[in-house]
Amino acid sequence: MALSTPLLAVRGSEGIYMLNGPPKYTENASFTREDKKNCKGFIFSRDGSLFTWCNGENVNIVGTMDGRLLHSFDLPKVALLAFSPQNSILATWQPYITTKNNTQGDPNLHIWNLKSGQCLKSFFQKKMQGWCPCWSDDETICARNVNNEVQFFDGNAFDKIAHKLHLQKVSDFALSPGPQPCKVAVYVPGSKGAPSFVRLYQYPNFDGPSSALANKSFFKADKVTMLWNKKGTALLVIASTDVDKSGASYYGEQTLHYIASNGETALVQLPKNGPIYDVVWNPNSLEFCVVYGFMPAKVTVFNQKCDPVFDFGTGPRNAAFYSPQGHILVLAGFGNLRGQMEVWDVKKYKQISKPQAPDTTYFSWCPDGEHIVTATCAPRLRVSNGFKIWHYSGVVHHKIEVPSNSELWEVQWQPFVDGAFPEKAIKYQTVPNDVPSIDAKPAQAYRPPALRNKPVTSIKLHEEEPPQNMKPQTADKQLSKAALKNQKKREARKAAKQESRPEVIQEAPPDPEPREVPSAESHGDPEIEKKIKNIKKKLKAIEQLKEQEASGKQLEKNQLEKMQKEEALLKELEDLELASQPLDVHRSCKEGLNMRNLTIYLH
């Protein structure tokens, strides 16, 4: 497909039409507008060369370059559509229905050959969830989950099952993208006290657990979401429970696990408690972003070792979106949040813009990596339906508001193959705004009448955390604020001791039998000396833990508890060192003896 401006498909109560992308934003003349009001769905092929939709009467397929009709299937009940990666197959699904005369029902999942227009195979697929078969990128493998096993077909030959991966109660699977060999991730929920687990296999080596590339088990999992990176080298698993037994969250509990195809596994340590709102891989497959924690949520980027790289601090966010080139990251708060977006330069970790898109229910990057679309769609919201096309600098280039008697159901960018749009240098200056903006009066917090004539006092319900770079830095920068404060205290105490230490004056006549004065290392009493030595050892270990924490390492619970005892240990050390001084020294100081007399007295 020749490189062109990406199209934007729009579906609503008035039908389907195509909009030319930036910079024109005019209706595409090649596509004939679909005026039927019962359009249930549409989809582009992976490379964007084909477009199909169902209108309640038939399923139509057209070429996006010229709008020419390629196929039309008489399928009035179809609700879901999917193309295979190489555009050779179209899968259609319609609700499974049984009648008194036909208790068995009819096959409702159909596989169509797009070259011949013939139906290759029909299957029974009662559930909508996981209805679509999964293909490898080169279409040499196709897989379906049927009755506790994953069935594989080679070369789109659906009459014969080539291989089977059978595991008791396997409920989900995911094929890896990227080149061969293809990897398969399968999920088996736990039962009768046994843990749930996810295993990775390399197709077609499925002979028992010993042939698995990697295995990760966990107890807290009623369902999982499996996310492969683009290269197919690693998998992220979001394990979720329906109920949080600790009572901390109404929405259950989530944990994040990392599984690599080389056998490495890890639990991703998230510093803040709370739900996991979103997890997304960077298109470069080298890092991933997690939005998590009770509001205001934290956002952290991790590398392939599951070490934090950058922490964006806290804020009203519940979603993250990488640009197709992976050079820009958008953090957003949609749904029950106000629609705040933060646009970040991923390489410099510098914020580009901070636009506001209230009532947004859908967000998507344009393949050019410069524009985005935000939409308010029904049935999520049935008022103020419409969409906006933005530049990443925060400027609106095009805006469509649907009339009050109509609804917007869906918008979707035309996809392109990887590399079709190269990465461009990021512009921090504001680009021209093509849509006139209306300056809205900023919302103010409600104040009762009795307080309206009094000074405003700012009260924060939540402690805000600023962004911070988590990459290892120099030793001076690794110390936390608390560690630096304690270090200054120790240096001040050390300086005070050196000042108060008596100076030995050479003119003083030596005692023929001088008394032995305890040094800083020897305090006379062996028991006190032993206690002081042990406390110093503990303080040194705490300093090492602080340095590890500052470098980004996640500490265990017992290590954090040990760090909390630092102040008590310092106080105990001070008391022991004071008690270890000779009694005569205290008495002499109280009596106001000068330094010379004190020195002679000690000798």
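In case you missed it, the structure is sitting above this.
Residues numbered from 1 in each chain as written. Predicted model: local features only at pLDDT ≥ 70, side-chain atom pairs only at ≥ 80, totals over all residues. Heavy atoms only, no water.

Draft legend 1. Structural view of the overall build of the chain. Of regular secondary structure, the chain possesses 7 helices and 36 strands. Scored against the burial criterion, the 603 residues of the chain give a buried share of 44%. Within the chain, contacts between residues separated by at least 24 positions form 45% of all contacts whose residues are at least 6 apart in sequence. For the chain, the accessible surface area stands at approximately 34300 Å², while carbon and sulfur atoms represent 51% of it. (Helix = DSSP H or I, 4+ residues; strand = E, 2+ residues; numbered from the N terminus. Buried < 20%, exposed > 50% of the residue type's maximum accessible area, 1.4 Å probe, protein only. Contact = heavy atoms within 4.5 Å. Areas by Shrake-Rupley, 256 points an atom, 1.4 Å probe, with all protein chains shown as cover.)

Draft legend 2. Representation of the packing of helix H3 (residues 526-550) against helix H5 (residues 566-579) within the structure. Between H3 and H5, whose axes approach to 10 Å, the crossing angle comes to 150°. By the angle between their directions, the pair H3 and H5 is classed as roughly antiparallel. Considering how the two elements wind past one another, H3 and H5 form a crossing that is left-handed. The residues of H5 that touch H3, namely those facing Ile-528, Lys-531, Ile-532, Ile-535, Lys-536, Lys-538, Leu-539, Ile-542, Glu-543 and Lys-546, are Glu-566, Leu-569, Leu-570, Glu-572, Leu-573, Leu-576 and Glu-577. A breakdown of the residues in the contact of H3 with H5 according to their chemical character gives 9 nonpolar, no polar and 8 charged. (Axes fitted to C-alpha atoms, helices over the stretch in contact; angles between N-to-C directions. Parallel < 35°, antiparallel > 145°, perpendicular 65-115°, else oblique. Left-handed = near helix turned anticlockwise from the far one by under 90°. Nonpolar A, V, L, I, M, F, W, Y, C, P; charged D, E, K, R; others polar.)

Draft legend 3. Fine view of the nonpolar core. Grouped together as the largest cluster of nonpolar side chains are 18 residues, with contacts concentrated most on Phe-152, Leu-165, Val-184 and Val-186. Of all the secondary structure elements, the ones that give two or more residues to this core are strand E12 (141-146), strand E13 (149-154), strand E15 (172-175), strand E16 (183-188) and strand E17 (196-202). In terms of residue count, E16 provides more of this core than any other element does, 3 residues in total. Contacts of Leu-165, omitting those with residues within four sequence positions, involve Asn-148, Glu-149, Val-150, Phe-152, Val-184, Val-186, Tyr-201 and Phe-206. (Core = buried A, V, L, I, M, F, W, Y, C linked by side-chain atoms within 4.5 Å.)

Draft legend 4. Expanded view of the side chain of Ser-13. Take Ser-13: it is sitting in the loop between strand E1 (7-12) and strand E2 (15-20). Only 2.9 Å separates the side chain of Ser-13 from the backbone nitrogen of Glu-407, close enough to count as a polar contact. In this structure Ser-13 touches Lys-37, Ser-406, Glu-407 and Trp-409, once residues within four positions along its chain are discounted. (Polar contact = N/O pair within 3.5 Å; in protein donor to acceptor, adjacent residues only side chain to side chain.)

Draft legend 5. The arrangement of the pattern of salt bridges in detail. Inspection of the entire model under this criterion finds 16 salt bridges. A salt bridge links Glu-410 to Arg-11; the shortest N-O distance between them is 3.1 Å. You can see Glu-410 sitting in strand E35 (residues 408-413) and its partner Arg-11 sitting in strand E1, a full 399 residues away along the chain. One salt-bridge network, held together by shared partners, links Glu-34, Lys-36 and Glu-57. (Salt bridge = Lys/Arg side-chain N within 4 Å of Asp/Glu carboxyl O.)

Draft legend 6. Expanded view of the sheet that holds strand E4 (residues 50-54). One open sheet holds the 4 strands; their spatial order is E3-E4-E5-E6, and the pairing between them is antiparallel. Here the strands that pair on one side only, and so sit at the sheet edges, are strand E3 (41-44) and strand E6 (69-73). Taking the axes of each pair of neighbouring strands and ignoring which way they run, one obtains an average angle of 15° across the sheet. Examined bridge by bridge, E4 and strand E5 (residues 59-63) share 5 bridges and lie antiparallel to one another. In the sheet register, Phe-51 faces E5, and the bridge partner there is Val-62. (Pairing = 2+ DSSP bridges.)

Draft legend 7. Region of interest: unusual backbone geometry. Going from Gln-180 to Pro-181, the amide bond is cis rather than trans, its omega being 0°. Here Tyr-203 and Pro-204 are connected by a cis peptide whose omega angle stands at 0°. Even without glycine at this site, Tyr-25 takes up a positive phi of about 60°. With respect to the helices and strands, Tyr-25 occurs in the loop between E2 and E3. With relative accessibility at 9%, the residue Tyr-25 sits in the buried group.

Draft legend 8. Highlighting the pairing of E13. Counted residue by residue, E13 has 5 buried out of 6 residues, so it is predominantly covered. Two strands pair when backbone bridges link them, and E12 and E13 are joined in this way by 6 bridges, in the antiparallel orientation. Looking at the pairing, Ile-141 lines up with Asp-154 of E13.

Draft legend 9. Spotlight on the sheet that holds strand E22 (residues 265-267). Strand order in the open sheet made by the 4 strands is E19-E20-E21-E22, with antiparallel pairing throughout. Each edge of the open sheet is held by one strand with a lone partner, namely strand E19 (223-228) and E22. In this sheet, adjacent strand axes meet at a mean angle of 20° when their direction is disregarded. Pairing between strand E21 (residues 253-260) and E22: 3 bridges, direction antiparallel. Note on E22: the bridge partner recorded for Tyr-258 is Ala-266.

Draft legend 10. Layout of H5. Taking 1.5 Å per residue, 14 residues should reach 20 Å; H5 reaches 20 Å between its end C-alpha atoms and fits that length. All buried positions along H5 are accounted for by Glu-566, Leu-569, Leu-570, Leu-573, Leu-576 and Glu-577. Buried residues along H5 cover an arc of 130° about the axis, so they all sit on one side. When the buried face of H5 is taken as reference, the exposed residues oriented beyond 90 degrees from it are Ala-568, Leu-578 and Ala-579. (Expected span 1.5 Å × (residues − 1). Arc of directions from axis to C-beta.)

Draft legend 11. Highlighting the packing of aromatic side chains. Applying the stated criterion to the full structure yields 25 aromatic pairs. Ring geometry for Phe-152 and Tyr-203: centres 5.1 Å apart, planes at 50°, overall tilted. With Phe-152 in strand E13 and Tyr-203 in the loop between E17 and strand E18 (214-218), the pair connects residues that are 51 residues apart, well separated along the chain. Judged by its relative accessible area of 0%, Phe-152 falls in the buried class. Classification of Tyr-203 by relative accessible area gives buried; the value is 12%. Ring plane angle 65° and centroid distance 6.0 Å describe the contact between Phe-312 and Tyr-349, whose orientation is recorded as edge-to-face. Placement of Phe-312 in strand E26 (residues 308-315) and of Tyr-349 in the loop between strand E29 (341-345) and strand E30 (350-353) is noted, with a sequence separation of 37 residues between them. Pairwise contacts between aromatic rings join Phe-31, Phe-42, Phe-44, Phe-51 and Trp-53 into one cluster. Cation over ring: Arg-144 sits above Phe-123, and NZ or CZ is 4.3 Å from the ring centre. (Phe/Tyr/Trp six-rings, centres within 6.5 Å; stacked < 30°, edge-to-face > 60°. Lys NZ or Arg CZ within 6 Å of the ring centre and 35° of its normal.)

Draft legend 12. Layout of H3. Its 25 residues give H3 an end-to-end C-alpha distance of 36 Å, which sits within 8% of 36 Å, the value for a rise of 1.5 Å per residue. Along H3, the positions that sit buried rather than exposed are Ile-528, Ile-532, Ile-535, Leu-539, Ile-542, Glu-543, Leu-545 and Lys-546. Phi turns positive one or two residues past the end of H3, at Gly-552, with a value near 105°.

Draft legend 13. Structural context of the environment of Phe-294. Structurally, the position occupied by Phe-294 is in the loop between strand E24 (287-292) and strand E25 (297-303). We classify Phe-294 as partly exposed; its relative accessible area is 31%. A C-alpha to C-alpha distance of 4.7 Å links Phe-294 and Gly-274, two positions 20 residues apart in sequence.

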